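Architecture and fold: a report
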Amino acid sequence: MKAGCPDVRLHDLRHTAVSLLMELGVPPHVVQAIARHADVKLTLKVYSHANLDAMRQALGKLDGRLS
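Residues numbered from 1 in each chain as written. Predicted model: local features only at pLDDT ≥ 70, side-chain atom pairs only at ≥ 80, totals over all residues. Heavy atoms only, no water.

Examining the pattern of salt bridges
What the rule picks out here adds up to one salt bridge. Between Asp12 and Arg9 there is a salt bridge, and its shortest N-O distance comes to 2.7 Å. (Salt bridge = Lys/Arg side-chain N within 4 Å of Asp/Glu carboxyl O.)

Structural notes on the side chain of Thr43
If you trace the backbone, Thr43 turns up in helix α3 (residues 40-47). A distance of 2.6 Å separates a polar atom in the side chain of Thr43 from a polar atom in the side chain of His37. If we ignore the near neighbours within four places in the chain, the residues touching Thr43 are Met22, Pro28, Val31, Gln32, His37 and Ser48. (Helix = DSSP H or I, 4+ residues; strand = E, 2+ residues; numbered from the N terminus. Polar contact = N/O pair within 3.5 Å; in protein donor to acceptor, adjacent residues only side chain to side chain. Contact = heavy atoms within 4.5 Å.)

Observations concerning unusual backbone geometry
Positioned with a positive phi, Arg36 is a non-glycine residue whose angle comes to about 60°. Structurally, Arg36 can be placed in the loop between α2 (28-35) and α3.

Brief notes about the nonpolar core
The nonpolar side chains of a soluble globular protein tend to be buried, and buried together. Grouped together as the largest cluster of nonpolar side chains are five residues: Val18, Met22, Val31, Ala35 and Tyr47. Every element with two or more residues in this core is listed here: α1 (10-23) and α2. Beyond its immediate chain neighbours, meaning those up to four positions away, Val31 contacts Val18, Leu21, Met22, Val26 and Thr43. (Core = buried A, V, L, I, M, F, W, Y, C linked by side-chain atoms within 4.5 Å. Buried < 20%, exposed > 50% of the residue type's maximum accessible area, 1.4 Å probe, protein only.)

Describing the environment of His15
Looking at the secondary structure, you find His15 in helix α1. Relative accessible area serves as the criterion here: at 28%, His15 is assigned to the partly exposed category.

Remarks on the packing of α2 against α3
Close contact between α2 and α3 brings their axes to 9 Å; oriented N to C, the two are set at 95°. Judged by the angle between their axes, α2 and α3 are roughly perpendicular. Contact residues: Pro28, His29, Val31 and Gln32 in α2; Val40, Thr43 and Leu44 in α3. Residue composition of the contact of α2 with α3, by class: four nonpolar, three polar and no charged. (Axes fitted to C-alpha atoms, helices over the stretch in contact; angles between N-to-C directions. Parallel < 35°, antiparallel > 145°, perpendicular 65-115°, else oblique. Nonpolar A, V, L, I, M, F, W, Y, C, P; charged D, E, K, R; others polar.)

The structure is reproduced here in structure tokens:
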């Protein structure tokens, strides 16, 4: 730890930025271009973490449709 900053790898910062872009709803092909992945499949496989709120919203829509 230098200057009171925790040890953070550049890769960790990149992963956080790309994860946040996906969570914010940025289209996967745009995130792919920013991350410079060769294939959007990689972007989707690694970074499409479905968060709990998104899952609740999706299930709520289904519940509304079935009611």
